[in-house]
Amino acid sequence: MPAACDTVRLDMTGTPMARLGDPPAPKVSATEPGIPAWSWRNVGVGMLPFADSATPELPLGRLLRLSLFQVTVGMAAVLLIGTLNRVMIVELGLPAWVVATMISLPLVFAPFRMLVGHRSDVHRSVLGWRRVPYIWFGTLMQFGGLAIMPFALILLSGDSRGPPIIGQASAALAFLLAGAGLHMTQTAGLALATDLAPAHARPKVVALLCFMLIVGTVASALSFGVLLKPFSELRLIQVIQGSAVVTMLLNGFALWKQEARNRNRIAEAPGPAFRESWAAYTRTGRAGRRLLAIGLGTVAFSMQDVLLEPYGGKILHLSVSATTTLTAMLAVGGAAGLGLAARSLNRGADPYRVAGFGALAGLAAFTSVIFAAPVGSPLLFALGVALVGFGAGLFAHGTLTASMSMAQGDATGLALGAWGAVQALAAGLAIASGGVLSDTIASLAASGRLGPTLTSPATGYTAVYLIELLLLFATLIAIGPLAGRSDAGQASSSAALTNLAGSTT
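Kindly report on the overall build of the protein, identifying the contributing residues and their values.
Helices and strands together make up the secondary structure of the protein, namely 19 helices and zero strands. Taking all 505 residues of the protein together, 48% fall into the buried category. Put simply, 81% of the contacts in the protein that link residues at least 6 apart link residues at least 24 apart. Split by element, the accessible area of the protein, about 23400 Å² in all, is 68% carbon and sulfur.

Take a look at the structure:
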């Protein structure tokens, strides 16, 4: 009989779990074995972004295939927030408040990401899966929302004899389904990636997943721009229907043979209730402070989302093509931040310190953006925009990696669901409040109520950027005590969740 410490435990994917006495896993190269690293046959693989995320448990091809769910999430976000937003206001002539209400409907589902994550932790399926059913049903909801959307647009365009309320209700249902599916797919997908990736590779896996979200967002925006030129209602319907089909295909391909089946799971005792798991989660690792820091930082980096391009056009008098490149600069800065964060975390850096450096970069970024107006420097403005993306990349990677490190045992989905819920709610509220605050303060300034020195059209924008600076300082205050406590928090979380699991068996 082997000793108890020599038995090999398998995780939910069927992969042997590391033990405390095991030697550290060897560093895995993405190059082809048996061929020198300098060989030209390895150039194609070795030069891929985040190619060193590959591990024996999760090879590069399998990891890239799994990350396709992030591409569909980015595509849905661009379609809902960008393309359909403009079409319904400009081409269909809907009131802005109606469109804003529809776009905000997916935020209603954001708090349920914690419940979705918990249910995927304790799900007992006859087929032996935990994460796959939630990713698949999230995909079906995305498909359903995008499938309903063309018919809702036909009703909204006036090409039918039905009352307008039917078209508005149909569009609201489409937005709600697509947004709920987006949240469900991303929550369960991130949890599955955490299950499959070994602990030492998770920082780079996080970087790759965030990078693929950026790739999906930018590629979808460029593709929709090409496909909708020249614009017509029929072409828009074809683009939406095509997006629904692409979502099904990509997510189905991403899920193929990713999660190992364990049919014995149906015979296991039911897992802890959501209330018990949430209570155990909030008692460990200063979860409340961590979620507060995530919320503050997300609001600080998101309030400018709808302001940067108008700021560049109205205040700095940049052309449409010049302001359009700001999205690309923001994405390039974000990719650079993700890459630096992955490199630092892979060398043992504390994720909270990485997130803190992201907040510091944000301070420099918004300072540059503010001073670009009085000095009239588009170059300083462009530098500030790139730094905004860089700081946001560092912050997002650090906080997501910290959440993954807290995701121990059967609480992976819950921990990542909490991160996603706070991040989604904070981003949505920040975008809405940024626009409202900018318009309100600009109106007060133009009327002279703020004094003669603040009648500049840049006052509304500057006020929002100053608020973001204050929020970044608050983020640093909230995240400071967490730095250097990751290991202790992880150990205490693991112990608490182990005790909870033991008490329910």
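Before we move on, could you go through the environment of threonine 475 and cite the residues and values that matter?
By the element assignment, threonine 475 lies in helix α18 (residues 459-479). With relative accessibility at 1%, the residue threonine 475 sits in the buried group. Every residue in contact with threonine 475, bar those within four places of it in the chain, is listed here: Ala293, Leu296, Gly297 and Phe395. In terms of polar contacts, threonine 475 uses its side chain to reach the backbone amide nitrogen of glycine 297, at 3.2 Å. One polar contact links the side chain of threonine 475 to the main-chain carbonyl oxygen of leucine 471, over a distance of 2.8 Å.

I'd like a rundown of a nonpolar patch on the surface, residues and numbers included.
There is a patch of nonpolar side chains on the surface, built from Trp136, Phe137 and Leu140 and spanning about 280 Å² of accessible area. One can find tryptophan 136 in helix α7 (residues 132-156).

Tell me about the pattern of salt bridges, and please be specific about residues and values.
One pass over the full model with this rule turns up one salt bridge. The salt bridge partner of aspartate 195 is arginine 131, with a shortest N-O separation of 2.7 Å. Residue aspartate 195 is located in helix α8 (residues 164-196), and its partner arginine 131 is located in the loop between α6 (113-122) and α7; the two are separated by 64 residues in the primary sequence.

Talk me through the packing of aromatic side chains; I want residue IDs and the actual numbers.
Applying the stated criterion across every chain, the model contains four aromatic pairs. Ring-pair connections join several aromatic residues into one group, and the members of that group are Phe301, Phe366, Phe395 and Tyr465. It is arginine 65 that lies over the ring of phenylalanine 253; its NZ or CZ is 5.6 Å from the centre.

Mind laying out the side chain of serine 302, listing which residues take part and the relevant values?
Structurally, the position occupied by serine 302 is in helix α12 (residues 287-302). A polar contact of 2.7 Å, which involves the side chain of serine 302, links it to the backbone oxygen of threonine 298. Look past the residues within four positions of serine 302 in its chain and what remains in contact with it is Ala427, Ala430, Ile431 and Glu468.

Can you break down the packing of α7 against helix α10 (residues 233-255) residue by residue, with the values?
Packing of α7 against α10 leaves a shortest axis separation of 9 Å and a crossing angle of 175°. In this view, α7 runs roughly antiparallel relative to α10, as classed from their interaxial angle. Contact residues: α7 offers Val132, Ile135, Trp136, Thr139, Leu140, Gln142, Phe143, Leu146, Met149, Pro150, Leu153 and Ile154, while α10 offers Leu236, Ile237, Ile240, Gln241, Ser243, Ala244, Val245, Thr247, Met248, Asn251, Gly252 and Leu255. Here the residues of the contact of α7 with α10 are counted per class, giving 17 nonpolar, seven polar and no charged.

Any details on the confidence of the model for the protein? Residues and values, ideally.
Here the protein averages 77 in pLDDT, while 78% of its residues score no lower than 70. Note on residues 1-32: pLDDT under 50 across the span, and 34 contacts to partners over four residues away in sequence or across chains. In the predicted structure, residues 487-505 sits below a pLDDT of 50 and forms 21 contacts with residues beyond four places in sequence or in another chain.

Quick one: what's the story with helix α11 (residues 274-282), residue by residue and with numbers?
Along α11, the positions that sit buried rather than exposed are Ser277, Ala280 and Tyr281. One side of α11 holds all its buried residues, which, seen down the axis, span an arc of 100°.

Provide a residue-level description of the packing of α12 against α18, including the pertinent values.
It is the contact of α12 with α18, at a shortest axis distance of 8 Å, that shows an interaxial angle of 160°. The orientation of α12 with respect to α18, classified from their angle, is roughly antiparallel. Relative to α18, the crossing made by α12 is left-handed. Of the residues in α18, those in contact with Arg289, Ala293, Leu296, Gly297, Val299, Ala300, Phe301 and Ser302 of α12 are Glu468, Leu471, Leu472, Ala474, Thr475, Ile477, Ala478 and Ile479. Looking at the contact of α12 with α18 residue by residue, the classes come out as 11 nonpolar, three polar and two charged.

Summarise the side chain of arginine 131; cite the residues concerned and give the values.
Given a relative accessible area of 0%, arginine 131 falls into the buried group. Looking at arginine 131, its side chain comes within polar contact range of the side chain of aspartate 195, at 2.7 Å.

Give a detailed account of the environment of leucine 476, specifying residues and quantitative values.
The topology assignment puts leucine 476 in helix α18. For leucine 476, a relative accessible area of 22% puts it in the partly exposed group. For the pair leucine 476 and alanine 355, spaced 121 residues apart in sequence, the C-alpha to C-alpha distance is 8.9 Å. Leave out the neighbours within four places in its chain, and leucine 476 touches Gly356, Ala359, Leu360 and Leu363.

Help me get a handle on unusual backbone geometry, residues and values and all.
Positive phi values are uncommon outside glycine, yet lysine 257 reaches one of about 55°. Judged by its relative accessible area of 66%, lysine 257 is exposed.

Give a description of the environment of alanine 392 that names residues and reports values.
For alanine 392, the location among the structural elements is in helix α16 (residues 378-406). Judged by relative accessible area, which is 25%, alanine 392 ranks as partly exposed. With 37 residues separating them in the primary sequence, alanine 392 and alanine 355 have C-alpha atoms 8.6 Å apart.

Quick notes on the rules
Residues numbered from 1 in each chain as written. Predicted model: local features only at pLDDT ≥ 70, side-chain atom pairs only at ≥ 80, totals over all residues. Heavy atoms only, no water. Helix = DSSP H or I, 4+ residues; strand = E, 2+ residues; numbered from the N terminus. Buried < 20%, exposed > 50% of the residue type's maximum accessible area, 1.4 Å probe, protein only. Contact = heavy atoms within 4.5 Å. Areas by Shrake-Rupley, 256 points an atom, 1.4 Å probe, with all protein chains shown as cover. Polar contact = N/O pair within 3.5 Å; in protein donor to acceptor, adjacent residues only side chain to side chain. Patch = residues over 30% accessible without salt bridge, like charges linked within 9 Å, V, L, I, M, F, W, Y side chains within 5 Å. Salt bridge = Lys/Arg side-chain N within 4 Å of Asp/Glu carboxyl O. Phe/Tyr/Trp six-rings, centres within 6.5 Å; stacked < 30°, edge-to-face > 60°. Lys NZ or Arg CZ within 6 Å of the ring centre and 35° of its normal. Axes fitted to C-alpha atoms, helices over the stretch in contact; angles between N-to-C directions. Parallel < 35°, antiparallel > 145°, perpendicular 65-115°, else oblique. Nonpolar A, V, L, I, M, F, W, Y, C, P; charged D, E, K, R; others polar. pLDDT = per-residue confidence, 0-100. Arc of directions from axis to C-beta. Left-handed = near helix turned anticlockwise from the far one by under 90°.

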